Each structure stands twice: as structure tokens, then as C-alpha cells.
Amino acid sequence: MDNQTRKLLFEKAKEWILEAGNHIRDVIDEPLYIDTKSNPNDLVTQMDRNTEKYFAKKIKGEYPNHLILSEEGFGDEVDNLKGTIWIIDPIDGTMNFVHQKRNFAISIGIYQDGVGEIGLIYNVMEDVLYTAQKGQGAFKNNKQLLPLDKKLPLEESILVINSIWACENPVVNEKKIQELIKKVRGTRSIGSAALEFAYIAEGIVDGYLTMKLAPWDIAAGAILVNEVGGLTTNSNGETLDLLVNNTILSANKQIHNKISNQFVELK
Ligand code: IPD
Ligand code: CA
Ligand code: CA
């Protein structure tokens with residue numbers, strides 16, 4: 001994608017994400033209609049659906065040739081990454097949205113033929129917008145984020161991990177995960193994958209390990225982390241496939257390497 005095309009697309013996506021977020025803030029105290037999806041803790045509300053519909057309408061109106069890969073079913077059937085694809089999570093952190101009315105984000109990653117071009121993550125209630133354009137760095141409310149500290153040792157890092165992976169589970173060796181948790185300085189679980197990536201890019205947490213994320217949880221965040229010199233792959237260190245769920249490891253390259261080689265053992 002050339003710089004001018006990327007810039008124009010970025011400005012549109014930025015306008016729309018801010019507008020969608022402003023609307024959510026305006027109606028935050030209105031009643032929620034909560035449904036469950038794959039399990040009783042997998043929540044969805046009218047706000048998730050309405051926000052996704054809003055983006056689908058805007059994108060199809062302005063860019064009829066672009067495709068949408070999104071969570072709530074108002075996007076396209078996407079089976080390959082050719083062309084320009086908007087990968088959207090209308091509300092990432094729906095459980096936080098429902099229970100806390102904060103700590104959730106809108107996440108948009110725009111990919112061209114599989115290459116991440118634009119990432120936007122909007123922390124709606126704090127009115128903080130994280131942005132990145134390929135090759136141009138990452139920003140928090142227009143202020144450029146610094147490159148990640150390449151030398152930060154694992155022992156001094158804060159790791160984002162959901163405690164579920166330290167319990168007995170069918171995916172990963174929990175004993176190794178427990179060793180990792182003891183090794184790092186501390187752990188956090190924020191409850192919005194998009195914000196967790198944004199916080200890595202910001203340098204306020206240092207790594208994120210999780211065993212199952214959907215493309216819309218990852219798309220924007222991987223671009224942001226990449227723009228500050230970090231690395232996001234699956235937990236084995238392999239390139240992500242944005243058409244399916246992935247295990248995820250995101251961190252500076254040194255921490256990434258250590259975690260992937262010494263602490264992740266898939267079952
Ligand atoms: C979820 C959040 C959560 C992560 C889950 C995701 P949703 O997204 O990002 O932090 O642990 O795996 O599904 O359902 O709130 O959009
Ligand atoms: Ca999500
Ligand atoms: Ca969601």
C-alpha cells in the first residue's frame with residue numbers, strides 16, 4: 001500500500017473509531033441486553049452488534065471493494081487474506097464492558113494482502129487512542145511510543161497471562177506456566193486482548209502469553225507491537241494465521257525467545 005493511500009485510510013478509520021467510541025460513552029448507562037455465545041461466560045450485547053454494524057455500513061459505503069473480518073457476523077465470509085481487509089472487534093473485553101463499564105476497547109487492524117498496514121485500538125472510557133501505521137511507529141493519543149527496552153530481563157518483566165493457563169488444561173503444560181509465573185516480576189490480566197497488546201507497545205507491561213485468540217483480538221495489536229520493535233507470533237514462535245484462532249506470544253525479542261523456548265510446552 002502506498003503512503004498516501006494508507007494515510008487517507010488511516011484518517012477515515014480514526015474518524016470512525018472515535019465516533020463509535022463517543023457514542024458508546026454517550027449511552028454507557030443505558031440498559032444492556034446481554035446474550036451468551038459459546039459458553040455462559042462468553043457475553044455479547046446489543047452494543048457489540050450495533051458498533052460492528054456501524055463500521056460495516058461506513059466501510060461498505062466508502063470502500064465497497066474492501067472486506068471485513070469481524071466477530072459478530074456483520075462482516076464478510078473471508079477465507080483468504082487477498083485484498084484490503086478490515087479486521088474488527090467492535091468491543092474487545094465485553095465482560096469488562098458488562099461488569100465494569102470500563103477496560104474495553106474497539107480494535108481495528110487493516111491488512112493489505114496479509115500485511116498489517118494500520119492498527120487502531122481505542123480505550124473508549126479513557127478516551128485513549130493507540131495507533132500505528134506500517135513503518136511509521138506507534139502512537140498513544142498522537143504521542144509517539146518509545147521502542148521497547150531490548151535488554152529488559154525476564155526476571156524484571158510484567159507478564160500478561162490469564163490464570164486459566166496455569167490451571168490444569170488440555171492445551172499447554174501448566175507446570176511450565178507456573179514456573180514462568182514464578183520467574184517474572186509480576187503478572188496481570190486486564191481482560192481485553194487489544195488493550196493488553198497496546199500496553200505492551202506502551203511499555204507498561206512486557207509480555208503477553210495466551211493460548212487462544214481470534215483474528216480480531218490480535219490484528220491491530222500485532223501491528224502496534226511490531227512498530228515499537230516487539231514480536232508477536234504463536235506460542236511456538238511461528239507466524240500468525242489471521243484466518244483462524246492462534247496461541248499468542250507477544251514481547252520484546254529477548255523475552256519472547258526465552259518464554260517460547262523455555263516455558264511453553266504444548267500438550
Ligand atoms: C476476549 C478478550 C479477553 C480474551 C478473550 C477474548 P471479547 O474478547 O479479549 O481478554 O482473554 O480470549 O475472547 O470476547 O471480549 O471480544
Ligand atoms: Ca475480543
Ligand atoms: Ca468482541
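Please refer to the structure placed before this passage.
The following refers to the structure shown. Keep in mind it's a predicted model, so treat the numbers as computed, not measured. (Residues numbered from 1 in each chain as written. Chains lettered and ligands numbered in written order. Predicted model: local features only at pLDDT ≥ 70, side-chain atom pairs only at ≥ 80, totals over all residues. Heavy atoms only, no water.)

Quick look at the site of ligand 1
Contacts to ligand 1 come from 13 residues, most closely from Asp92, Gly93, Thr94, Gly191 and Ala193. Here an oxygen atom of ligand 1 sits 2.8 Å away from a polar atom, N or O, in the main chain of threonine 94. Serine 192 has a polar backbone atom sitting 3.3 Å from an oxygen atom of ligand 1. Protein contacts shield 74% of the accessible area of ligand 1, which totals 370 Å² for the unbound molecule. Because more than half of its atoms lie within 2 Å of the grid, ligand 1 is assigned to the largest pocket. Of all the secondary structure elements, the ones that give two or more residues to the shell around ligand 1 are β4 (84–92), α5 (193–202) and β12 (207–213). Per element, the largest residue contribution to the shell around ligand 1 is three residues, and it comes from β4. Among the residues making up the shell around ligand 1, the classes are represented as three nonpolar, four polar and six charged. If you count residues domain by domain, the shell around ligand 1 takes at least three from each of domain 1 (3–144) and domain 2 (154–262). (Near = heavy atom within 4 Å. Polar contact = N/O pair within 3.5 Å; in protein donor to acceptor, adjacent residues only side chain to side chain. Areas by Shrake-Rupley, 256 points an atom, 1.4 Å probe, with all protein chains shown as cover. 1 Å grid on protein atoms, 1.4 Å probe; cavity = no way out; pocket = protein on both sides within 12 Å on 5 of 7 lines; lining within 4 Å. Sits in = over half its atoms within 2 Å of the grid points. Helix = DSSP H or I, 4+ residues; strand = E, 2+ residues; numbered from the N terminus. Nonpolar A, V, L, I, M, F, W, Y, C, P; charged D, E, K, R; others polar. Domains from an automatic or database assignment.)

Digging into the sheet that holds strand β8 (residues 138–140)
Taking strand neighbours across the sheet as the criterion, the seven strands line up as β3-β4-β5-β6-β7-β8-β9 in an open arrangement whose pairing is mixed. Edge positions in the sheet fall to β3 (67–70) and β9 (143–144), since each has one partner strand and no second. Bridge count between strand β6 (residues 115–123) and strand β7 (residues 128–133): six bridges; the pairing is antiparallel. Bridging across to β7, isoleucine 118 finds its partner in glutamine 133. Lying over the sheet, helix α1 (residues 3–26) contacts β4, β5 (105–112), β6 and β7, oriented at roughly 25° with respect to β6. Along the sheet, α5 makes contact with β4, β5, β6, β7 and β8, crossing β6 at roughly 105°. (Pairing = 2+ DSSP bridges. Contact = heavy atoms within 4.5 Å. Axes fitted to C-alpha atoms, helices over the stretch in contact; angles between N-to-C directions.)

Considerations on the coordination of the calcium ion (ligand 3)
Coordination sphere of the calcium ion (ligand 3), protein contribution only: Glu71 (OE), Asp89 (OD), Asp89 (OD) and Ile91 (O), at 2.1 to 3.2 Å. Within one chain, the residues donating to the calcium ion (ligand 3) are spaced in sequence as E-x17-D-x1-I. A distance of 3.7 Å spans the gap from the calcium ion (ligand 3) to the calcium ion (ligand 2), which aspartate 89 bridges by coordinating each metal. Of this pair, glutamate 71 sits in the loop between β3 and β4 while isoleucine 91 sits in strand β4, placing them 20 residues apart in sequence. (Donors = N, O, S within 2.8 Å, 3.2 Å for Na, K, Ca; no water.)

Some words on the nonpolar core
In terms of nonpolar packing, the biggest core is built from 38 residues, with Ile87, Ile121, Tyr130, Tyr208 and Ile218 touching the most fellow members. Elements that contribute at least two residues to this core include exactly β4, β5, β7, α5, β12 and α6 (215–227). The residues that make up this core include at least three from each of domain 1 (3–144) and domain 2 (154–262). Setting aside its immediate chain neighbours within four residues, tyrosine 130 contacts Gly119, Leu120, Ile121, Phe139, Lys140, Leu145, Ala198, Tyr199, Glu202 and Leu224. Ranked by size, the runner-up nonpolar core spans 31 residues in total, among them Ala20, Met47, Phe104 and Ile108. (Core = buried A, V, L, I, M, F, W, Y, C linked by side-chain atoms within 4.5 Å. Buried < 20%, exposed > 50% of the residue type's maximum accessible area, 1.4 Å probe, protein only.)

The values reported here are purely geometric and, on their own, carry no functional implication.
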